[in-house]
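Take a look at the letters that make up each chain.
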Amino acid sequence: MSNDKDLRVLLGHGGGGKMSSRLVKNTILPRLNRGKLSLLPDSIVLDGLGDRIAYTTDSYTVSPIFFPGGNIGSLAIHGTCNDLACSGARPTFVSVGLILEEGLAITELDQILEEMSKAADEAGVEVVTGDTKVVPKGSADKIFINTSGIGRIDHELNLGPDAIEVGDEIIVSGPVGNHGMAIMLSRAEFSFDFDIQSDSASIWPIVEQLLELGPHLKFLRDPTRGGLAATLNEIAAGSSVEVQIDETSVPIDEQVKAASEILGIDPLVAANEGKLVAVVGKGMAQKALDLMSRRQISSNAKMIGTITSDLATRVIINTRIGGSRILAEPSGELLPRIC
Amino acid sequence: MNIDNQAIAAKKLVQEIRDISSSASAPMKFMEVCGTHTMAIHETGLKSLLSPAVTLVSGPGCPVCVTEKQFIDHAVLIGKKFDACLVTFGDLIRVPGSFGSLAQFRSEGGSVRVVYSPMDCIEISKKESSKPVVFLGVGFETTSPTIAATLRMALSENLANFFVLPAFKTIHPALNILAPKPDLSGFLLPGHVSAIIGSDSYQYLADKYNKPGVVAGFEALDILIAVRDLVKLASRKEAKILNDYKRVVRNSGNVAAQNLINEVFEPCDTQWRGLGIIPGSGLTFREPYQGFNAATKLVVDVPPAKDDPRCRCANIITGSLQPDKCGLFGKECTPEDPVGPCMVSSEGTCAAYYKYGTVK
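Because the structure is predicted, anything quoted here is derived from the model rather than measured.

What to know about the overall build of chain B
In step 1: For chain B, the count of helices and strands is 15 helices and 11 strands.
In step 2: At 21 Å, chain B has a C-alpha radius of gyration in line with the 21 Å of a compact globule built from 360 residues.
In step 3: In chain B, which comprises 360 residues, the share counted as buried stands at 59%.
In step 4: Counting contacts in chain B only where the partners sit at least 6 residues apart, residues at least 24 apart contribute 77% of the total.
In step 5: If you sum the accessible surface of chain B, you get close to 14,100 Å²; carbon and sulfur atoms cover 52% of it.

Pasting the structure below:
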């Protein structure tokens, strides 16, 4: 591993020759290899996955690549593991594809890989195959990462919008909006003094608890891009139901609230990377909350609403002053306001 | 105030508003002048609580919405011709111009930076010393003092590559045009703008046009209290200006900020979307600040811009049309693909209607 600050990723590192193999052996493998990666096979044979697996892929292009609470590396592990967890699958194996921009400092790459390896160890997944490409300066923004993941499913439940019925209860695993707000604040344009960390984390420990509910567990989703508002609208549209939530029951950190007022961004549309929205059967919310309270990551979980009707497809938010309005699906780029 | 008390207080106010308005002789229509009020009214679900006898319509207080399409064209043309770095508040970047938005210009390689404070322009101008840095000067009296302060600093530091493209607006000339409308029973007056210009400055609404006005804050209860007071005044046919936002707004305003505006700027005629040219409603540079005027120092030929004739933004910012009555609303015109600025600005009336639909 090189710690020389001046070393940078060069086009030659992607050429497939000695430079490539040095980058892989000296920089990447020391961080990510837990056994299976060391042989660098063209593909990996995996055993012991059982009858049902979940399989997913996602690409990560976050800017800036380092942010409070993580970096693009940890995000690339958490995001893919969380997509698996939402199918009720235990994240088991991941692949890592790195697209590096010529000129990226090797020390930065190493920091990213370090966070990535920590995140993988904590999430209980092994990186088993990978790929590295280098593109000319200007063709990418420092680093893009693709991760695919395989998760084992050890139960018979079918989690999905079809299972959702009127009366079902909706839970969120903790305060929302932290990741999106942390990213917005760490963009160079803004210089505000907030201490908001990304919530980037593996949510499998929460899902593992909730699986104890059996068929009372209906639906799981991680409210990433578009935040809670997008996820609730997805539930309404996917199941053709009316969702009602209470504004005052949605947990939001004070700092996030304050930043959202200054930036003019609703925390309900800001991304999360370590939160879970669960739909559980009628009367099951308390049991779900008890199960979730066993894990630190979901110790502030709250029931936020219910499925109220199957005659309309919409999300209604009952406001703090007793009014109500539609909570619309968020749209487009998040922009700060003008005054 | 905790959440439960807030809900109880809101309920009481809503009941008061219903009681007074139901015994009044005619329905009442109030204009909220400020875009931030528009958003708060929708965000809090306040509209769902008001009785049919009380209507709130939005006015021309969203700076992006009253800015002419030609201004976007002007900025883009300066960016292109002088390879300038355009610096702007975020809301403006998606407003469609004749040759695309500032966001499109950026995606084509143009330099467009989003800032929160115009003061950031000083740093940017020093860093980008080889090219002109042009701040897009859009906004009301809340924004103009900080831009004036920026200009004062730019002058003292002799910044030769910093410019401002002015499209500033002042609120009184626009209110003078709207106040005579017979269907308006009164005005919910802006909070932030009033913090600068003071609540006393609206006295003419009462004296000349016989209309009440109440300065309001932005919390749900602030707005409900102000609406309650407006309903009271209108039902008694009492034309008075009240300041219900005393914790922020002084009756005389912020004199230092007013002086700063007057030191750097002087009134000029300016074009408003929907209202046309209003005499004395804009701000231009006084000597010795005229050298910062991008319009006269970075000269480009700006062809007249054509608005989509079906876009009703002009009617919407004068309160004569509700957004959902526009044929484009939610169909061809959405926040992702806006036709007019009222849909793209985060304080735009159409955006508020779209984002925070009322439950019927």
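From this point, things continue past the structure.
Some points on the overall build of chain A
In step 1: On a plain count of helices and strands, chain A comes out with eight helices and 13 strands.
In step 2: Rg of the C-alpha trace for chain A: 21 Å, near the compact-globule value of 20 Å for 339 residues, within the 12% margin.
In step 3: Projected onto the principal axes, the alpha-carbon positions of chain A cover approximately 65 × 55 × 30 Å.
In step 4: By residue count, 55% of the 339 residues in chain A fall in the buried class.
In step 5: Partitioning the intrachain contacts of chain A with sequence separation of at least 6 by distance along the chain shows that 86% fall at a separation of at least 24.
In step 6: A total of about 14,400 Å² of accessible surface is found on chain A, and carbon and sulfur atoms cover 47% of it.
In step 7: Here chain A contributes 30 positively and 44 negatively charged side chains, and the mean placements of these two sets differ by 3 Å.

Some points on the side chain of serine 281 of chain B
Residues and elements named next belong to chain B.
In step 1: Note that serine 281 resides in strand 11 (residues 276-285).
In step 2: Side-chain polar atoms of serine 281 contact the side chain of tryptophan 272, separated by 2.7 Å.
In step 3: Once residues lying within four places of it in the same chain are set aside, the contact partners of serine 281 are Phe168, Lys169, Thr170, Pro173, Cys268, Thr270 and Trp272.

Here's the deal with the domain arrangement of chain A
All names here are of chain A.
In step 1: Segmentation of chain A into domains returns domain 1 (2-152) and domain 2 (161-326).
In step 2: Carbon and sulfur atoms make up 59% of the surface buried where domain 1 meets domain 2, a total of about 1,600 Å² over both sides.
In step 3: Three residues stand out in domain 1 for area buried against domain 2, namely Pro68, Asn82 and Cys86, and they jointly supply 31% of the buried area on that side.
In step 4: Taken together, the links from domain 1 to domain 2 amount to one salt bridge.
In step 5: For the salt bridge of arginine 90 with glutamate 208, the shortest nitrogen-to-oxygen distance reads 3.0 Å.
In step 6: Looking at the side of domain 1 that touches domain 2, the elements with two or more residues in it are helix 2 (72-85) and strand 4 (90-101).
In step 7: Among the elements that take part in the side of domain 1 that touches domain 2, helix 2 stands out by supplying seven residues, more than any other.
In step 8: Per-class residue counts for the side of domain 1 that touches domain 2 are 10 nonpolar, seven polar and two charged.

A word on helix 3 (residues 69-82) of chain B
Residues and elements named next belong to chain B.
In step 1: Helix length check: helix 3 (14 residues) gives 20 Å between terminal C-alpha atoms against 20 Å at 1.5 Å per residue, within 8%.
In step 2: Of all 14 residues that make up helix 3, 10 are buried, and the element is covered over most of its length.
In step 3: Those residues of helix 3 lying buried are Lys69, Phe71, Ile72, Asp73, His74, Ala75, Val76, Leu77, Ile78 and Gly79.
In step 4: Looking at the buried side of helix 3, the elements it contacts are strand 3 (85-88), helix 4 (102-107), strand 5 (133-139), strand 6 (162-168) and helix 12 (294-297).

Some words on the environment of glycine 124 of chain A
In step 1: Looking at where glycine 124 of chain A falls in the secondary structure, it is placed in the loop between helix 3 (106-123) and strand 5 (126-135).
In step 2: In this structure, glycine 124 of chain A is in contact with Pro91 and Thr92 of chain A, ignoring residues within four places of it in sequence.

As for the sheet that holds strand 7 (residues 186-189) of chain B
Residues and elements named next belong to chain B.
In step 1: In spatial order, the strands read 2-1-7-8-9; together these five strands make up an open sheet with parallel pairing. Unpaired on one side and paired on the other, strand 2 (54-61) and strand 9 (241-243) mark the two borders of the sheet. Ignoring which end each strand starts from, the neighbouring axes of this sheet average 20 degrees apart.
In step 2: Summarising the sheet, strand 8 (residues 213-215) and strand 9 pair through three bridges and their orientation is parallel. Across the sheet, residue valine 214 finds its bridge partner in strand 9, namely leucine 242.
In step 3: This element, helix 2 (residues 35-43), spans strand 1 (28-34), strand 2 and strand 7 of the sheet and lies at about 120 degrees to strand 1.

A few points about the sheet that holds strand 13 (residues 324-326) of chain A
In sheet architecture, strand pairing relies on hydrogen bonds along the backbone and comes in two forms, parallel and antiparallel.
Residues and elements named next belong to chain A.
In step 1: What the seven strands build is an open sheet, ordered 8-10-7-11-9-12-13; its pairing is mixed. With partners counted over all chains shown, the strands left at the sheet margins are strand 8 (217-221) and strand 13, one partner each. Each strand of the sheet is rotated relative to its neighbour by a mean of 25 degrees, with strand direction disregarded.
In step 2: The strands touched by helix 8 (residues 285-292) are strand 7 (169-172), strand 10 (277-280) and strand 11 (302-309); relative to strand 7, the strand with the most contacts, the crossing angle is about 20 degrees.

Quick notes on the side chain of lysine 69 of chain B
All names here are of chain B.
In step 1: Within the secondary structure, lysine 69 sits in helix 3.
In step 2: This buried residue, lysine 69, is left without a salt bridge; aspartate 307 holds the nearest opposite charge, at 4.3 Å.
In step 3: Here the side chain of lysine 69 touches lysine 306 through a polar contact of 2.8 Å, landing on its backbone oxygen.

Observations regarding the packing of helix 4 (residues 178-186) of chain A against helix 7 (residues 254-263) of chain A
Residue and element names in this part refer to chain A.
In step 1: Between helix 4 and helix 7, the least distance of the axes is 10 Å, while the angle of their chain directions is 50 degrees. Compared by their axis directions, helix 4 and helix 7 come out oblique. In terms of crossing hand, the pair formed by helix 4 and helix 7 is left-handed. Only Val256, Ala259, Ser260 and Leu263 of helix 7 make contact with helix 4, whose side of the interface consists of Asn178, Met181, Met184 and Leu185.
In step 2: Here the residues of the contact of helix 4 with helix 7 sort into six nonpolar, two polar and no charged.

Brief notes about the interface of chain A and chain B
In step 1: With 27 residues of chain A at the interface, the matching set in chain B holds 37 residues.
In step 2: Together, the buried faces of chain A and chain B total about 2,900 Å²; carbon and sulfur atoms form 58% of this surface.
In step 3: Joining chain A to chain B, the criterion identifies two salt bridges.
In step 4: Glutamate 43 of chain B serves as the salt-bridge partner of arginine 325 of chain A, at 3.6 Å between the closest nitrogen and oxygen.
In step 5: Ranked by residues supplied to the side of chain A that touches chain B, first place goes to strand 13 of chain A with three residues.

Re the packing of aromatic side chains
All names here are of chain B.
In step 1: For the coordinates displayed, the defined rule picks out eight aromatic pairs over all chains.
In step 2: Centre to centre, the rings of phenylalanine 140 and tryptophan 272 are 5.9 Å apart; their planes meet at 55 degrees, and the pair counts as tilted. Of this pair, phenylalanine 140 sits in the loop between strand 5 and helix 6 (144-156) while tryptophan 272 sits in strand 10 (residues 265-272), and the two are 132 residues apart along the sequence.
In step 3: Residue class for phenylalanine 140 comes out buried when judged on its relative accessible area of 3%.
In step 4: Grouped by ring-pair contacts, the aromatic residues Phe162, Tyr289 and Phe292 constitute a single cluster.

Notes on the pattern of salt bridges
In step 1: With the rule as written, the count across this model stands at 32 salt bridges over all chains.
In step 2: The shortest N-O distance in the salt bridge between glutamate 238 of chain B and lysine 240 of chain B comes to 3.5 Å.

Comments concerning unusual backbone geometry
In step 1: At the junction of serine 63 of chain A and proline 64 of chain A, the peptide bond is cis and its omega measures out at 0 degrees in the coordinates.
In step 2: With an omega of 5 degrees, the peptide bond between glutamate 287 of chain B and proline 288 of chain B qualifies as cis.
In step 3: Mapped onto the elements of the fold, proline 288 of chain B is located in the loop between strand 11 and helix 12.
In step 4: With a phi close to 50 degrees, serine 240 of chain A is a non-glycine residue in the positive phi region.
In step 5: Relative to the helices and strands, serine 240 of chain A is located in the loop between helix 6 (227-239) and strand 9 (242-246).
In step 6: With a relative accessible area of 41%, serine 240 of chain A lands in the partly exposed category.
In step 7: Positive phi outside glycine occurs at asparagine 210 of chain B, with the angle close to 60 degrees.

Calculation criteria
- Residues numbered from 1 in each chain as written.
- Chains lettered and ligands numbered in written order.
- Predicted model: local features only at pLDDT ≥ 70, side-chain atom pairs only at ≥ 80, totals over all residues.
- Heavy atoms only, no water.
- Helix = DSSP H or I, 4+ residues; strand = E, 2+ residues; numbered from the N terminus.
- Rg over C-alpha atoms; globule rule 2.2 N^0.38 Å.
- Buried < 20%, exposed > 50% of the residue type's maximum accessible area, 1.4 Å probe, protein only.
- Contact = heavy atoms within 4.5 Å.
- Areas by Shrake-Rupley, 256 points an atom, 1.4 Å probe, with all protein chains shown as cover.
- Lys, Arg positive; Asp, Glu negative; His and termini not counted.
- Charge placed at Lys NZ, Arg CZ, Asp CG, Glu CD.
- Polar contact = N/O pair within 3.5 Å; in protein donor to acceptor, adjacent residues only side chain to side chain.
- Domains from an automatic or database assignment.
- Buried area = accessible area lost by both parts, 1.4 Å probe.
- Salt bridge = Lys/Arg side-chain N within 4 Å of Asp/Glu carboxyl O.
- Nonpolar A, V, L, I, M, F, W, Y, C, P; charged D, E, K, R; others polar.
- Expected span 1.5 Å × (residues − 1).
- Pairing = 2+ DSSP bridges.
- Axes fitted to C-alpha atoms, helices over the stretch in contact; angles between N-to-C directions.
- Parallel < 35°, antiparallel > 145°, perpendicular 65-115°, else oblique.
- Left-handed = near helix turned anticlockwise from the far one by under 90°.
- Phe/Tyr/Trp six-rings, centres within 6.5 Å; stacked < 30°, edge-to-face > 60°.

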